[in-house]
Amino acid sequence: MDTTALAREDLASLLQWYVEHGLDETIGEEAVDRFALPPPAAVAPASLSSSAPPRSTTAPTPIRAATPPPTARAPVPLESPQLVEDARELARRCTTIAELEEAVRAFEGCALKRTAKNTVFADGVAGAPIMVVGEAPGADEDRLGKPFVGVSGQLLDRMFAALGMSRERDLYITNILFWRPPGNRTPTLAEQSICLAFTRRHIELARPKLLVLAGGTAAKAVLDTTEGIMRLRGKWTSLKLDDGTEVPTMPTFHPAYLLRTPASKRQSWLDLLAIDKKLKELNLSS
Ligand code: URA
């Protein structure tokens, strides 16, 4: 038997398994500049190195300094209340969605930006009657720089198409996070709080008639609650924004959850019907 071929096959299926489980990047939380780190010999314990005889009389190879090169960016701390305050202040100063997008793209206070390929800001029509807020970009969204363009985005489109709505005309779509968490892990509370400062301002500036929160993470973060999506979904609530306005808000299941649990589509459809009904009522009253 060709053991090399077998090992290669095993490795290929292991990689495939990793990808299917969301492990599609060989990265950690923070980028490590291995060129800037001293080689292992340079960090040997003093007791070993001091007793060892010199290996040669020639000058030692210089070790690269452990300090980052001047062009490297300083590491972003993962947790800092100041970063949330900075994000809130920056967001508050924006008076249009275009300004907010520029501020988000220029913001360096969220460590997720380091590992993401793109900033994923929004898609659809700014000022549309319905604003959908999801959790975070996945691999497809990160690659294309637009929210909800992968399989769950296609389901989201089909769900609203069933009501005769489209993202080209009736929807404005974003996420609580603007950058993909590595391997699609759940964003930390610190990452959520930083991005949420911009997302709350995003909702104020977009002024939707209705807000739809897709999935438990978005619902908990935006509504600032510990209640799970099973309890929150299907119930209208009024989201109070910092500018004093309020927007009728409906938490519902995330389309990725519906893909995994098709039996929940029935409840999701009831939520969509409630959204359609509310929008019609609001249009009549305006
Ligand atoms: N899931 C989300 O919550 N948002 C996206 O943009 C894509 C998938």
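Preceding this section is the structure that the text describes.
Residues numbered from 1 in each chain as written. Predicted model: local features only at pLDDT ≥ 70, side-chain atom pairs only at ≥ 80, totals over all residues. Heavy atoms only, no water.

### A look at the overall build of the protein chain
Scanning the protein chain for helices and strands turns up 12 helices and 6 strands. Across the 286 residues that make up the protein chain, the buried fraction comes to 39%. Accessible surface, the protein chain as shown: approximately 16,600 Å² in total, 58% of it carbon and sulfur. (Helix = DSSP H or I, 4+ residues; strand = E, 2+ residues; numbered from the N terminus. Buried < 20%, exposed > 50% of the residue type's maximum accessible area, 1.4 Å probe, protein only. Areas by Shrake-Rupley, 256 points an atom, 1.4 Å probe, with all protein chains shown as cover.)

### Let's talk about the sheet that holds strand β3 (residues 171-175)
Read from one edge of the open sheet, 6 strands run β1-β3-β2-β4-β6-β5, paired in mixed fashion. Each having just a single partner strand, β1 (123-124) and β5 (237-240) make up the two edges of the open sheet. As defined by bridge partners, β5 adjoins strand β6 (residues 246-252) across 4 bridges and the pair is classed as antiparallel. Residue pairing across strands places Lys 240 opposite Glu 246, the latter belonging to β6. (Pairing = 2+ DSSP bridges.)

### With respect to the site of the ligand
What surrounds the ligand is the set Gly 134, Glu 135, Ala 136, Glu 141, Pro 147, Phe 148, Ser 152, Asn 175 and His 254. Within the contact set of the ligand, a nitrogen atom lies 3.1 Å away from a backbone nitrogen or oxygen of Ala 136. Here an oxygen atom of the ligand sits 2.8 Å away from a polar atom, N or O, in the side chain of His 254. Here the residues of the shell around the ligand are counted per class, giving 3 nonpolar, 4 polar and 2 charged. (Near = heavy atom within 4 Å. Polar contact = N/O pair within 3.5 Å; in protein donor to acceptor, adjacent residues only side chain to side chain. Nonpolar A, V, L, I, M, F, W, Y, C, P; charged D, E, K, R; others polar.)

### Concerning the packing of helix α4 (residues 97-106) against helix α8 (residues 189-206)
One can describe the packing of α4 onto α8 by two numbers: an axis separation of 10 Å at closest approach and a directional angle of 165°. Taken together, the axis directions place α4 and α8 in an arrangement best described as roughly antiparallel. α8 is crossed by α4, and the crossing has left-handed handedness. Here α4 contributes Ile 97, Leu 100, Ala 103 and Val 104 to the contact with α8, which in turn contributes Phe 198, Arg 201, His 202, Leu 205 and Ala 206. Taken together, the residues of the contact of α4 with α8 sort by class into 7 nonpolar, 1 polar and 1 charged. (Axes fitted to C-alpha atoms, helices over the stretch in contact; angles between N-to-C directions. Parallel < 35°, antiparallel > 145°, perpendicular 65-115°, else oblique. Left-handed = near helix turned anticlockwise from the far one by under 90°. Contact = heavy atoms within 4.5 Å.)

### Concerning the side chain of Thr 119
Structurally, Thr 119 is set in the loop between α5 (112-115) and β1. Within the local environment of Thr 119, its side chain forms a polar contact with the side chain of Trp 179, the two groups lying 2.9 Å apart. Among all residues touching Thr 119, those that are not within four sequence positions of it are Val 104, Arg 105, Lys 113, Gly 145, Phe 178 and Trp 179.

### Some points on the pairing of β3
With 5 of its 5 residues buried, β3 lies for the most part within the structure. Because side chains alternate across β3, one face comprises the buried residues Leu 171, Ile 173 and Asn 175, and the other comprises Tyr 172 and Thr 174, equally buried. Looking at chain direction, β1 and β3 are connected through 2 bridges and run antiparallel. Among the inter-strand pairings, Gly 124 is bridged to a residue of β3, identified as Tyr 172. As paired strands, strand β2 (residues 130-134) and β3 are joined by 5 bridges and run parallel to one another. In the strand pairing of β3, Val 132 is matched with Ile 173.

### Describing the packing of helix α3 (residues 81-93) against α8
Where α3 contacts α8, the axes come no closer than 8 Å and their chain directions differ by 15°. Put simply, α3 runs roughly parallel to α8. Relative to α8, α3 is oriented so that their crossing is right-handed. Where α3 approaches α8, its residues Leu 83, Val 84, Ala 87, Arg 88, Leu 90, Ala 91 and Arg 92 are matched on the opposing element by Ser 193, Ile 194, Ala 197, Phe 198 and Arg 201.

### Digging into the packing of aromatic side chains
The full count for this structure, using the stated rule, is 5 aromatic pairs. Look at Phe 107 and Phe 198: their rings are 5.0 Å apart centre to centre, the planes differ by 70°, and that puts the pair in the edge-to-face class. Of this pair, Phe 107 sits in the loop between α4 and α5 while Phe 198 is found in helix α8, placing the two residues 91 residues apart along the sequence. Overall, the relative accessible area of 6% leaves Phe 107 in the buried class. Taking relative accessible area as the criterion, Phe 198 reaches 0% and is therefore assigned buried. With centroids separated by 5.8 Å and ring planes inclined at 15°, the aromatic side chains of Phe 121 and Phe 178 adopt a geometry described as stacked. Taken together, the residues span a long stretch of sequence, with Phe 121 in the loop between α5 and β1 and Phe 178 in the loop between β3 and α8 at a distance of 57 residues. (Phe/Tyr/Trp six-rings, centres within 6.5 Å; stacked < 30°, edge-to-face > 60°.)

### Section: the environment of Lys 113
Relative to the helices and strands, Lys 113 resides in helix α5. With 67 residues separating them in the primary sequence, Lys 113 and Arg 180 have C-alpha atoms 7.8 Å apart. With sequence-adjacent residues up to four places away left out, Lys 113 is seen in contact with Val 104, Arg 105, Ala 106, Phe 107, Glu 108, Thr 119 and Trp 179. A polar contact is formed between the side chain of Lys 113 and the side chain of Glu 108, at a distance of 3.2 Å.

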